[in-house]
Amino acid sequence: MSVLVYIENTEGLLKKSAFEVASYASQIANLQQTQAVAISIGDVADTELQKLENYGISKVLTVTNDNLKSFINQAYASIIAAGAQKEGADIVVLSNSFSGKGLAPRIATKLEAGLVSGAISIPTFNADSTEVKRTAFSSKAIATVTITSPIKVITLSPNAFEVEEHKVSAQIENFVPEIATTDFNTIVKEIVRATDKISLPEAEIVVSAGRGLKGPENWGMIEELADVLGAATACSKPVSDAGWRPHAEHVGQTGIVVSPNLYIAIGISGAIQHLAGVSSSKTIVVINKDPEAPFFKVADYGIVGDAFVVVPQLIAALKTYKG
Ligand code: FAD
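Just so it is clear, the structure is predicted and the values come from calculations on it, not from any experiment. (Residues numbered from 1 in each chain as written. Predicted model: local features only at pLDDT ≥ 70, side-chain atom pairs only at ≥ 80, totals over all residues. Heavy atoms only, no water.)

Glancing now at the overall build of the protein. Of regular secondary structure, the protein possesses 8 helices and 17 strands. The C-alpha radius of gyration of the protein comes to 21 Å, within 12% of the 20 Å expected for a compact globule of 323 residues. Taking as baseline every contact in the protein between residues at least 6 positions apart, the subset at least 24 positions apart corresponds to 65%. Within the structure as shown, the protein displays about 15,500 Å² of accessible surface, and the carbon and sulfur contribution to it stands at 51%. (Helix = DSSP H or I, 4+ residues; strand = E, 2+ residues; numbered from the N terminus. Rg over C-alpha atoms; globule rule 2.2 N^0.38 Å. Contact = heavy atoms within 4.5 Å. Areas by Shrake-Rupley, 256 points an atom, 1.4 Å probe, with all protein chains shown as cover.)

Written out as structure tokens, the structure is:
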């Protein structure tokens, strides 16, 4: 028995979610009196992987191969499933990220495991079942899902779980699983960046604006605020529908789901479909001139005021603060 956790990286650097899932997996392993093993795919330096030992990971399997530099669902799923079999893992943990959502069902099928996506807390282990809490109905309710299969695959909701440091010593092991050529049904030949801007799904800070901005000509101050904060920009659906901003920035139920540390919503009412895409943000700041705007109900901090007054003041204050 062991807990295997898939650790994501971006261009060789571990993602924030890597430490969340590592800490989550090691706490499960402690409960189960077993060990937490991480699996990393792609070129990640040992010094970077070694950081996982601060979060209770005692072993890291590292898989490197020229064909695995880019994310390929089928191949990555086969490798993680092979890692689970090699380690005799009865629990496999992933982040409920874009790639985690694609991988988890494939891994569950390969391992004949039960799957819960979007877990928000440590499972409860009973004699013949495991109960996992997850959010449901766009975070309006909490569902308790029971898994009865011997092997379980769990994806962890970003920002739902407080990372705890737990220092152990980690051994790094090169893992060379057999990968079927059919797993490489997609070959990534080249990655062309559409923009140099910070990627929205990965952003730690997001500055987002809605119809309250009146028109595309007013986005200069949103871009400036994002620049000062090192943030990605986002928008509500009507804004991208109207062509004020690109569709790639549309956040919500029908758009991108973000989970930054800080989400700043400016002139956005806070409709349930928008909230579905931002509810796993750690801290939400709302700027709206209507004190009754629904967004204030889920905000950690709120500023009731005209965006055209508040945002320039915020930019000036941040510039002064940063010197
Ligand atoms: P509005 O609702 O028009 O709100 C504008 C806000 O700006 C108001 O609260 C107003 O008080 C404030 N404001 C106005 N002027 C100022 C000012 N000067 N300073 C400060 N504040 C000001 N929406 C999404 O965003 N994402 C989705 O994925 C999505 N999916 C949908 C799916 C379906 C099936 C449906 C039916 C709808 C969906 N919507 C989605 C639309 C959603 O219901 C709302 O209509 C939309 O989110 C509203 O956008 P908004 O807040 O920018 O605009």
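Structure shown, so let's carry the discussion forward.
All right, on to the pairing of strand β9 (residues 130–136) then. In this sheet, β9 lies alongside strand β8 (residues 124–125) in antiparallel orientation, the contact comprising 2 bridges. Pairing of Phe125 across the sheet is with Thr130, part of β9. Linking β8 to β9, which pair antiparallel, is a turn of 4 residues. Taken together, the 7 bridges between β9 and strand β10 (residues 141–147) define a ladder with antiparallel strand orientation. Counterpart to Thr130 in the pairing with β10 is Ile147. In this structure, the hairpin formed by β9 and β10 is closed by a connection of 4 residues, where Phe137 is found at a positive phi of approximately 50 degrees. (Pairing = 2+ DSSP bridges.)

This brings us to the UniProt feature "domain: Electron transfer flavoprotein alpha/beta-subunit N-terminal" (unreviewed entry) in the protein. UniProt records the feature "domain: Electron transfer flavoprotein alpha/beta-subunit N-terminal" (unreviewed entry) at residues 3–191, using the numbering of this structure. Secondary structure across residues 3–191 comprises 26% helix and 30% strand; the distance between its end C-alpha atoms is 33 Å. (UniProt positions renumbered as here; feature names shortened; annotations may be inferred.)

A few words on helix α4 (residues 98–111). When the terminal C-alpha atoms of α4 are compared, their 21 Å separation across 14 residues agrees well with the 20 Å that a helix rising 1.5 Å per residue should span. Regarding α4, the residues found buried are Ser99, Gly100, Gly102, Leu103, Ala104, Ile107, Ala108 and Leu111. (Expected span 1.5 Å × (residues − 1). Buried < 20%, exposed > 50% of the residue type's maximum accessible area, 1.4 Å probe, protein only.)

Judged by nonpolar contacts, the single largest core of 29 residues is most densely connected at Val5, Ile7, Leu14, Tyr24, Leu52, Ile57 and Val93. Those elements that provide at least two residues to this core are β1 (2–7), α1 (16–31), β4 (35–41), β6 (91–95), β7 (114–119) and β11 (152–156). At 8 residues, the largest contribution of residues to this core is made by α1. Not counting chain neighbours up to four residues away, the residues in contact with Val5 comprise Val21, Ala22, Ala25, Val37, Ala38, Ile39, Ile57 and Val93. Grouped together as the second largest cluster of nonpolar side chains are 28 residues, Ile72, Ile79, Leu94 and Ala108 included. (Core = buried A, V, L, I, M, F, W, Y, C linked by side-chain atoms within 4.5 Å.)

The full set close to the ligand counts 26 residues, and Ser236, Thr254, Ser269, Gln273 and Asn288 are the nearest of them. Gly267 has a polar backbone atom sitting 3.0 Å from an oxygen atom of the ligand. Interatomic distance of 3.0 Å between a side-chain N/O atom of Asp306 and a nitrogen atom of the ligand. Breaking the shell around the ligand down by element, the ones donating at least two residues are α6 (237–241), α7 (272–275) and α8 (307–322). Residue composition of the shell around the ligand, by class: 6 nonpolar, 14 polar and 6 charged. (Near = heavy atom within 4 Å. Polar contact = N/O pair within 3.5 Å; in protein donor to acceptor, adjacent residues only side chain to side chain. Nonpolar A, V, L, I, M, F, W, Y, C, P; charged D, E, K, R; others polar.)

With respect to the helices and strands, Asp90 occurs in the loop between α3 (73–87) and β6. Lacking a salt bridge, the buried Asp90 has Lys152 as its closest oppositely charged neighbour, with an N-O distance of 4.8 Å. If we skip the residues at most four places from it in the chain, Asp90 touches Met1, Ser2, Gln32, Pro150, Ile151 and Lys152. (Lys, Arg positive; Asp, Glu negative; His and termini not counted. Salt bridge = Lys/Arg side-chain N within 4 Å of Asp/Glu carboxyl O.)

Let's shift gears to the pairing of β1. By the criterion of burial, β1 is predominantly enclosed, with 6 of the 6 residues buried. Here β1 shows no split at all, with Ser2, Leu4 and Tyr6 on one side and Val3, Val5 and Ile7 on the other all buried. Where β1 meets β4, 6 bridges bridge the pair, whose relative direction is parallel. Its bridge partner lying in β4, Ser2 is registered against Gln35. Here 3 bridges tie β1 to β6, and the two strands are oriented parallel to one another. For Leu4, the partnering residue across the bridge sits in β6 and is Val92.

Spatially, 5 strands are ordered β14-β13-β15-β16-β17 in an open sheet, and the strand pairing comes out parallel. This sheet does not close on itself; its edge strands, each paired only once, are β14 (232–235) and β17 (301–304). For this sheet, the mean angle separating the axes of adjacent strands, direction not counted, is 15 degrees. Sheet analysis places strand β13 (residues 205–209) next to strand β15 (residues 262–266), joined by 5 bridges and oriented parallel. Its bridge partner being in β15, Val207 is matched across the sheet by Ile264. Sitting on the sheet, helix α5 (residues 220–229) is in contact with β13, β14 and β15, with an inclination near 170 degrees to β13. On the sheet, α8 packs against β15, β16 (283–288) and β17 and is oriented at approximately 130 degrees with respect to β16. (Axes fitted to C-alpha atoms, helices over the stretch in contact; angles between N-to-C directions.)

Relative to the assigned elements, Ser40 resides in strand β4. Classification of Ser40 as buried rests on a relative accessible area of 0%.

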